[in-house]
Amino acid sequence: MQATFDAHALKPFTRALTCLSRYGEELCIYASSETLSLFCTNSSKSAYCRFKFNKEFFSRYRVGDPAKGTNDSAMGQLMAKSLLSILKHKTVESTLERCEISIVEGVSSEESTDETQDGLESKLIVRLHCRHSVIKTHKLLLLGSTSLIAPGVPDSSNETLLRIGPRAIRDIIEQFSLPKGAKSDPQLIWTFAEAEVAVRSLESSIDTRGKAQLATELFISADEFDLYNLYEAPTTIAFHLREFNATIAFAELCGLGLDIRFTDPAEPLFIDVEGDNFETLFVISTSHPPNSSAQVRLAPSGPKKRLREDTPADSTRFRKPTKVVQSTTDLGQDTTPARIAASPLSMPLPQVAPTSVSQRSNFPQDQDVMTTSRLSQQKPPLFLPTPSQLSDSDKAVLRESGLGIKHTSVEGCNEMFETHGLEMNCKSIELRAAWDG
Amino acid sequence: MRFRAGIENVTTLFRIIQSVEKLQKKCIIKFTEDNMHVICNSDANEGGIQVWSQIKIDSIFNSYRIQSNSNNEITVNLSCDALMGALKSASTSAGTSNSTSGSTYETDEVIVKLAKKNDQAVLNFEITGTTRAGRKVKIEHDVKIEVMKPADVAKLNEPMCPEPDIHVLLPSLQKIRTIVERLRSMSDILAVRASHNGCLQLSINTESVKVDTEWKNCTIPQMMREGASQDSADDDPPDPEHLFSVLVSVRSFLKFLSSHVVSTTTIACVCQNHCLILYVYIGDVADAGGVLTFYIPAIIDDE
């Protein structure tokens, strides 16, 4: 892949990278024949950010090598800060004439005839053509990403759409005196009524003992929003601000408005910002606010931290953040979320939600979508019988039906479920199959 | 116990709290019928610095109403950070585009009152303002407070100090701050010296370095001594060259200098080998709108 952009496009590109680096550490690049996408998620997978640049954004854009007939897409993963520090360097802004970014896929040693293609690693090469014929070349190692991730497309039947300018929304958030610092992760609770919006803080100005000293609530007219299509009034949602602030900063620098869409509380929030030859999508997870009354409280409740991957495993006390992304094999379109899929057989991955086994009669389709690999790191499901608990008669039934205990597939189990009516047992077997497999 | 007031001058109040915030996380505010006192007297303070201030109610509030069983006085303990957070959103940015200096809403009115939310005593701030687009916006802040018992209030006493040896009008605190910030990395102890001929010296003296900064032609205001006899023949006029000095902790002096945001005039009083008292006037000295008094105890250097 090769893309070139001029000095004029450097600013939005760098701003995009700054915003991405505030969302997450690892950045994925995906180049298709029409667009170049940069995306990342935060460590708890509760926020996702994607910038899609059309090929018109670039002065030159080429993907794949027609001579070699290679596939028409390129992909890789790298640290956002590495790329950002190259482009944000103080001399770059004033002297850059054009910038060439290329992805060179790693090739095996037998095929390589060219010195530039050394080794099996893919590289991202950034070549800055500056004034006075100075050319600076940076080579960054590209890791192959283990799984592509994309957010689910929301069900738009009960969607609320709001449009607001970045300044107006920043004015609102500025009224809240929130703790700053890497460890803090403040939340705001938004209540959207017919003609008024109320925003309140969950905690702020934490003192040394972690108790809130200041509680703030703001009431503003819904007219501040350029577009205010509320599905149902009143709706209350809560979400963390760290990533939201990065989005607002980006929109403000580029002078672009934000299109905010959300459905139910606890469904993720989607923000679209569209610019010149690029569009961006931000997805932030939301939660049910802990206190549904509009009263401002200064109760001595400790701060609710979002789970980061490095928090200790006594995660049962915290409400797990909704994951907003799921694994997918095709980045061409955003995957449909579990809820919309008509039949379980059409889903690309087995969906397992251990805690909801007893409640749903059909295949559990839950919001916490995860890949099977991540599943193995979860705490064990609550209703899974261990082999020793499976009674002998149960085991005999299984063997008779021709199903092994270990290798049941999702589809096979479901068929059995329908034909044999072995409800509870079937589910538990199927679960274990996914667990072990 | 009732308290309700409209805040006329949010910026001044904000700057006062900003000055003391650097000293202590929590401060004590005492509201009386005529004055508001801001007190920081924690023992844990750097170098033992204390702040006792008295501000006339009229210079900050309008429509002030207070009523309590202890002589219509209410004393509360609260977090400076939280109070500043509430005041920051109340102060208009006054034309500057600097986002840190107040909100971008035009403030119409700020009302503060004592309230109770969920069994917790709070100072409730109700701010009505106008957005950029001209629409109304309402913001409410609740600052958690601890109302002090009359017994504890009675224990609050300003430190005892002898009659100062000399008073001197300090040059711009901003300029002094620049210099003392440089000195901070070189020494822990700062010597403050003044003489009756208008000379002010700030110096440090360590094993490796000696730095002296001198200001000449400072004003030496003649303060009326309480109960002093009018007969000046009793005391000899002090030697104009003699420097009265006191040693203080550099860090506490710097903490005092953070009040540069609010000061118009500052008078330093040197009590030789005892303490340094600094009167920071808010607004015009003649108006006596308010004074922030800093007490910095002296460091006794036996050398």
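Residues numbered from 1 in each chain as written. Chains lettered and ligands numbered in written order. Predicted model: local features only at pLDDT ≥ 70, side-chain atom pairs only at ≥ 80, totals over all residues. Heavy atoms only, no water.

Chain B has the name Checkpoint protein in an unreviewed UniProt entry, where Lentinula raphanica is given as its organism. Of chain B, the UniProt comment under Sequence similarities (unreviewed entry) reads exactly: "Belongs to the HUS1 family." Among the UniProt annotations of chain B, the heading Subcellular location (unreviewed entry) holds the following wording: "Nucleus". (UniProt positions renumbered as here; feature names shortened; annotations may be inferred.)

As annotated in an unreviewed UniProt entry, chain A carries the name Rad9-domain-containing protein and comes from Lentinula raphanica.

A. Fine view of the overall build of chain A. Check the secondary structure of chain A and you find nine helices and 20 strands. Taken over 437 residues, chain A has a buried fraction of 51%. Restricting to contacts in chain A with at least 6 residues of sequence separation, those with at least 24 account for 68%. When the accessible area of chain A is evaluated, it comes to approximately 21,600 Å², of which 49% is carbon and sulfur surface. (Helix = DSSP H or I, 4+ residues; strand = E, 2+ residues; numbered from the N terminus. Buried < 20%, exposed > 50% of the residue type's maximum accessible area, 1.4 Å probe, protein only. Contact = heavy atoms within 4.5 Å. Areas by Shrake-Rupley, 256 points an atom, 1.4 Å probe, with all protein chains shown as cover.)

B. Inspection of the packing of aromatic side chains at higher detail. All names here are of chain A. One pass over the structure, following the stated rule, counts 30 aromatic pairs over all chains. Ring centres of tryptophan 190 and phenylalanine 192 lie 6.2 Å apart, and the angle between their planes is 10°; this geometry places the pair in the stacked category. We classify tryptophan 190 as buried; its relative accessible area is 2%. Chaining the aromatic ring pairs together yields one cluster made of Phe5, Phe13, Tyr23, Phe51, Phe53, Phe57, Phe58, Tyr61, Phe250, Phe278 and Phe282. (Phe/Tyr/Trp six-rings, centres within 6.5 Å; stacked < 30°, edge-to-face > 60°.)

C. Inspection of the pairing of strand 16 (residues 275-282) of chain B at higher detail. All names here are of chain B. Counted residue by residue, strand 16 has seven buried out of eight residues, so it is predominantly covered. The pairing of strand 15 (residues 263-271) with strand 16 spans eight bridges and is classified as antiparallel. If you follow isoleucine 267 over to strand 16, its bridge partner there is tyrosine 279. Hairpin connection, strand 15 to strand 16: the antiparallel pair is bridged by three residues, and asparagine 273 has positive phi, about 60°. Pairing of strand 16 with strand 17 (residues 290-297) involves eight bridges; the strand directions are antiparallel. (Pairing = 2+ DSSP bridges.)

D. Structural detail: unusual backbone geometry. Note that the residue after A:Ala233, namely A:Pro234, is joined by a cis bond; omega there is -5°. By secondary structure assignment, the location of A:Pro234 is in the loop between strand 15 (227-229) and strand 16 (235-240). A positive phi angle, near 60°, is found at B:Asn71, a position not held by glycine. Position of B:Asn71 among the secondary structure elements: in the loop between strand 5 (61-67) and strand 6 (74-79). A positive phi angle, near 65°, is found at B:Asp119, a position not held by glycine. Look at B:Asp119 and you get exposed, because its relative accessible area is 73%.

E. The confidence of the model for chain B, seen in detail. Residues and elements named next belong to chain B. A residue-level look at chain B finds 89% of positions with pLDDT of 70 or above and a mean pLDDT of 84. In this model residues 93-102 is a low-confidence stretch, pLDDT under 50, and it forms 11 contacts with partners more than four residues away in sequence or in other chains. Every residue in residues 226-234 scores below 50 in pLDDT, and together they form two contacts with partners more than four places removed in sequence or on other chains. (pLDDT = per-residue confidence, 0-100.)

F. Up close: the domain arrangement of chain B. Residue and element names in this part refer to chain B. The domain architecture assigned to chain B consists of domain 1 (2-154) and domain 2 (166-297). Facing 19 residues of domain 1, the contacting portion of domain 2 comprises 21 residues. Across the interface of domain 1 and domain 2, roughly 1,700 Å² is buried in total on both sides, 63% from carbon and sulfur atoms. Its largest share of buried area at the contact with domain 2, domain 1 owes to Ser19, Glu46 and Ile49, together 31% of the area lost on that side. Counting across the domain 1 and domain 2 interface gives zero salt bridges. Our enumeration of links across domain 1 and domain 2 arrives at four residue pairs in polar contact (both at pLDDT 80 or more). Those elements that provide at least two residues to the side of domain 1 that touches domain 2 are helix 1 (10-21) and strand 4 (50-56). Ranked by residues supplied to the side of domain 1 that touches domain 2, first place goes to strand 4 with seven residues. A breakdown of the residues in the side of domain 1 that touches domain 2 according to their chemical character gives six nonpolar, nine polar and four charged. (Domains from an automatic or database assignment. Buried area = accessible area lost by both parts, 1.4 Å probe. Salt bridge = Lys/Arg side-chain N within 4 Å of Asp/Glu carboxyl O. Polar contact = N/O pair within 3.5 Å; in protein donor to acceptor, adjacent residues only side chain to side chain. Nonpolar A, V, L, I, M, F, W, Y, C, P; charged D, E, K, R; others polar.)

G. Region of the structure containing the nonpolar core. Counting 160 residues, the largest nonpolar core has A:Trp190, A:Phe244, B:Phe253 and B:Phe256 as its most contacted members. Per-element tally for this core: the top contributor is helix 1 (residues 7-23) of chain A, with eight residues. Two domains each put at least three residues into this core: domain 1 (2-154) and domain 2 (166-297) of chain B. If near-sequence neighbours (up to four positions away) are discounted, A:Trp190 is found in contact with A:Ile169, A:Ile172, A:Ile173, A:Val197, A:Ala198, A:Val199, A:Thr235, A:Thr236, A:Ile237, A:Phe239 and A:Phe244. Ranked by size, the runner-up nonpolar core spans 14 residues in total, among them B:Ile28, B:Ile39, B:Val153 and B:Ile277. (Core = buried A, V, L, I, M, F, W, Y, C linked by side-chain atoms within 4.5 Å.)

H. Examining the sheet that holds strand 12 (residues 199-205) of chain B more closely. Residues and elements named next belong to chain B. Taken in spatial order, the four strands make up an open sheet running 13-12-11-14, and their pairing is antiparallel. The open sheet has two edge strands, strand 13 (210-215) and strand 14 (243-249), and neither has a second partner. Mean inter-strand twist for the sheet, computed between neighbouring axes without regard to direction, equals 20°. Both strand 12 and strand 13 contribute to a ladder of six bridges, which runs antiparallel. For isoleucine 204, the partnering residue across the bridge sits in strand 13 and is valine 211. (Axes fitted to C-alpha atoms, helices over the stretch in contact; angles between N-to-C directions.)

I. Region of interest: the environment of B:Val209. All names here are of chain B. Positionally, valine 209 belongs in the loop between strand 12 and strand 13. A relative accessible area of 23% means that valine 209 is categorised as partly exposed. With 192 residues separating them along the chain, valine 209 and isoleucine 17 place their C-alpha atoms 36 Å apart. Setting aside anything within four residues of it in sequence, one finds valine 209 in contact with Met186 and Ile204.

J. Just the interface of chain B and chain A, in detail. Every contact between the two is made by 27 residues of chain B and, on the other side, 26 residues of chain A. For the pair chain B and chain A, the two sides together bury roughly 2,300 Å², of which 47% comes from carbon and sulfur. Interface area lost by chain B to chain A is led by B:Tyr105, B:Arg135 and B:Lys144, which between them contribute 24%. Salt-bridge contacts for A:Asp171 lead to B:Arg132; the nearest nitrogen and oxygen are separated by 3.0 Å. Connecting chain B to chain A are 10 residue pairs in polar contact (both at pLDDT 80 or more). Counting residues per element, the side of chain B that touches chain A draws most heavily on strand 9 (residues 136-147) of chain B, which supplies nine residues. Of the residues in the side of chain B that touches chain A, the class split is eight nonpolar, nine polar and 10 charged.

K. Region of interest: the sheet that holds strand 17 (residues 258-262) of chain A. Residue and element names in this part refer to chain A. In space, the nine strands of this open sheet follow the order 6-2-3-4-19-18-17-11-15, with antiparallel pairing throughout. Every interior strand has two partners, whereas the edge strands, strand 6 (74-79) and strand 15, have only one. Shown here is a sheet whose adjacent strand axes are inclined to one another by a mean of 15°, direction ignored. Bridge count between strand 17 and strand 18 (residues 269-275): three bridges; the pairing is antiparallel. Within strand 18, the residue paired with isoleucine 260 across the bridge is isoleucine 271. The strands that helix 5 (residues 242-254) touches are strand 4 (47-54), strand 17, strand 18 and strand 19 (278-284); relative to strand 19, the one it contacts most, it runs at about 160°.

L. Examining the packing of helix 1 of chain A against helix 2 (residues 80-87) of chain A more closely. Residue and element names in this part refer to chain A. Interaxial distance between helix 1 and helix 2 falls to 9 Å at its minimum, and their mutual angle equals 150°. It follows that helix 1 is roughly antiparallel to helix 2 by the angle criterion. In this structure, helix 1 crosses over helix 2, and the sense of that crossing is left-handed. Residue-level inspection shows Leu10, Phe13, Thr14, Leu17, Thr18 and Ser21 of helix 1 in contact with helix 2, the latter providing Ala80, Leu83, Leu84 and Leu87. (Parallel < 35°, antiparallel > 145°, perpendicular 65-115°, else oblique. Left-handed = near helix turned anticlockwise from the far one by under 90°.)

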